[in-house]
Amino acid sequence: MAILLTGITAATMTGGYGLIPDAALLIEGDRIAWTGPRSDAPKGHETLDFKGRLVTPGLIDAHTHIVFAGNRAAEFERRLQGASYEEIARAGGGILSTVTATRAATEDDLIAQALPRLDAMIAQGTTTVEIKSGYGLTIADELKMLRAARRLGQLRPVTVTATHLAAHAIPPEYKGNPDAYIDDVAIPSLRAAHAEGLVDAVDAFCETIAFTPAQVDRLFTAARALGLRVKLHAEQLSDLGGAQLAARHAALSADHLEHLSPEGIADMARAGTVATILPGAYYTLRDTTPPPIAALRAAGVPMAVATDCNPGSSPMTSLPLAMNMACTLLRMTPEEALLGTTTHAARALGLTDRGTLAPGQRADIAIWDAGHPAELSYRIGAEALHKSIIGGRL
Ligand code: NIG
Ligand code: FE
């Protein structure tokens, strides 16, 4: 049950790239047992030689919405004719058009439509995927989405974590009454989903077109009373102080953050909240206010990078492409981008058993047709994955 990988350049992602040239890595069962220079490798194991290829931890996509029905290509066309994402949302399109399609779909339909997206992610080196609900917006439809997410994790070898996001939009039947929606649907669906073991974390969309900090605060208080960790779509289109609210609830992450304030950065740094950067949404919405990367870096806030794969603002499945955009559009370094899809992404999900190539970690490993980790961010839309090993299995 042990296998030694040789002929590899290992980017262990322990304190930066943590590069070991001419390395070897021993897998025992579903765990990494040893890694170091090939000359020091333990002897007597079956070996697999990878001819100088780069090996990294399997990539972790810490923010996705891949369970949904239909698509929003027509909205894409409208935006190209000048309509904004917010205008479309206020007119009942946007997220709500996906809600209509998702409510009409069965759990099996949702799985059938999400599987090609999940497979596209796996083909690009992803081995752990967070999936949010948030297109059901009734108790039954939120549960349906979360059950679909759980089943996706059984249909493929990757780890799927499920995030409850009923506080994503205000459905038509609660228009003008978001407080009642929080009380009637968001909190009860959270309790029901938690009772069924369907929730790993709780998220919300804090924005002028969605929920106020006071409404999110009530949901987060209910979540934490259940012992659940929270995360937040914060400061994407405007600054409502969502990052400060998230930090007050010891959030795992605050995500998007284009309009993040210095106070938000300071509070996140103090709380140890990860900043999840979503360059696909920035790109798709042709945003011109980048998240404050330099200030986050200076404050020592760990940054994750995720696809935000969703039908409206980021129809993207490739983490290496997200890394490329994080560097070129947002000026992250390739090292930060890879930390953002490994070590820091694990932290954004509260997972301590993955994200580095260190003894004891899960054997989730990506083997690339590349020699140096900067190549992963440098190429645009490349298909650079050679093979992946998930839970010790090739
Ligand atoms: O992360 N910002 C809110 N939610 C998603 C978009 C969802 C959608 O447009 O369908 C996001 O960008
Ligand atoms: Fe999102």
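Relevant structure appears above.
Residues numbered from 1 in each chain as written. Chains lettered and ligands numbered in written order. Predicted model: local features only at pLDDT ≥ 70, side-chain atom pairs only at ≥ 80, totals over all residues. Heavy atoms only, no water.

## Regarding the site of ligand 1
Then, in step 1: Around ligand 1 sit 15 residues in total, of which Arg72, Tyr85, Tyr135, His168 and Ser313 are the nearest.
Then, in step 2: In the model, a nitrogen atom of ligand 1 is placed 2.8 Å from a nitrogen or oxygen of the Gln236 side chain.
Then, in step 3: Contact between ligand 1 and Asp308: an oxygen atom at 2.8 Å from a side-chain N or O atom of the residue.
Then, in step 4: Protein burial of ligand 1: of its 330 Å² of free accessible surface, 100% is covered by the chains. (Near = heavy atom within 4 Å. Polar contact = N/O pair within 3.5 Å; in protein donor to acceptor, adjacent residues only side chain to side chain. Areas by Shrake-Rupley, 256 points an atom, 1.4 Å probe, with all protein chains shown as cover.)

## Quick notes on the coordination of the iron ion (ligand 2)
Then, in step 1: Those protein atoms acting as donors to the iron ion (ligand 2) are His63 (NE2), His65 (NE2), His233 (NE2) and Asp308 (OD), and they sit at 2.1 to 2.4 Å.
Then, in step 2: Written as a sequence motif, the donor arrangement for the iron ion (ligand 2) is H-x1-H-x167-H-x74-D. Of the two residues, His63 is situated in the loop between β5 (59–61) and α1 (73–80) and Asp308 in the loop between β12 (303–305) and α12 (319–328); the sequence distance between them amounts to 245 residues. For the pair formed by His63 and Asp308, the shared burial category is buried. (Donors = N, O, S within 2.8 Å, 3.2 Å for Na, K, Ca; no water. Helix = DSSP H or I, 4+ residues; strand = E, 2+ residues; numbered from the N terminus. Buried < 20%, exposed > 50% of the residue type's maximum accessible area, 1.4 Å probe, protein only.)

## Quick word on the pattern of salt bridges
Then, in step 1: Considering all chains together, one arrives at 23 salt bridges under this definition.
Then, in step 2: The partner of Asp119 in a salt bridge is Arg156, with the nearest N and O atoms 2.6 Å apart. On the criterion of sequence distance, the pair formed by Asp119 in helix α4 (residues 107–122) and Arg156 in the loop between α5 (139–155) and β7 (159–167) is long-range, its members being 37 residues apart.
Then, in step 3: Residue classification places Arg156 among the partly exposed residues on the basis of a relative accessible area of 26%. (Salt bridge = Lys/Arg side-chain N within 4 Å of Asp/Glu carboxyl O.)

## Digging into helix α3 (residues 95–104)
Spacing of three or four residues puts side chains on the same side of an α-helix, whose turn is 3.6 residues.
Then, in step 1: Of all the positions in α3, only Ile95, Leu96, Thr98, Val99 and Thr102 are classed as buried. One side of α3 carries all its buried residues, which in axial view fall inside an arc of 150°. Of the exposed residues in α3, those oriented more than 90 degrees away from the buried face are Thr100 and Ala104.
Then, in step 2: Buried-residue contacts for α3 involve α2 (85–90), α4, α5 and β8 (201–206). (Arc of directions from axis to C-beta. Contact = heavy atoms within 4.5 Å.)

## Here we look at the sheet that holds strand β1 (residues 2–11)
Then, in step 1: If you walk across this open sheet you meet the six strands as β3-β2-β1-β4-β13-β14, and the pairing is mixed. Each of the sheet's edge strands pairs with one partner strand only, and the pair in question is β3 (31–37) and β14 (385–389). Strand after strand, the sheet turns through a mean of 40° between neighbouring axes, direction not considered.
Then, in step 2: In terms of strand pairing, strand β13 (residues 365–368) meets β14 through four bridges, oriented antiparallel. (Pairing = 2+ DSSP bridges. Axes fitted to C-alpha atoms, helices over the stretch in contact; angles between N-to-C directions.)

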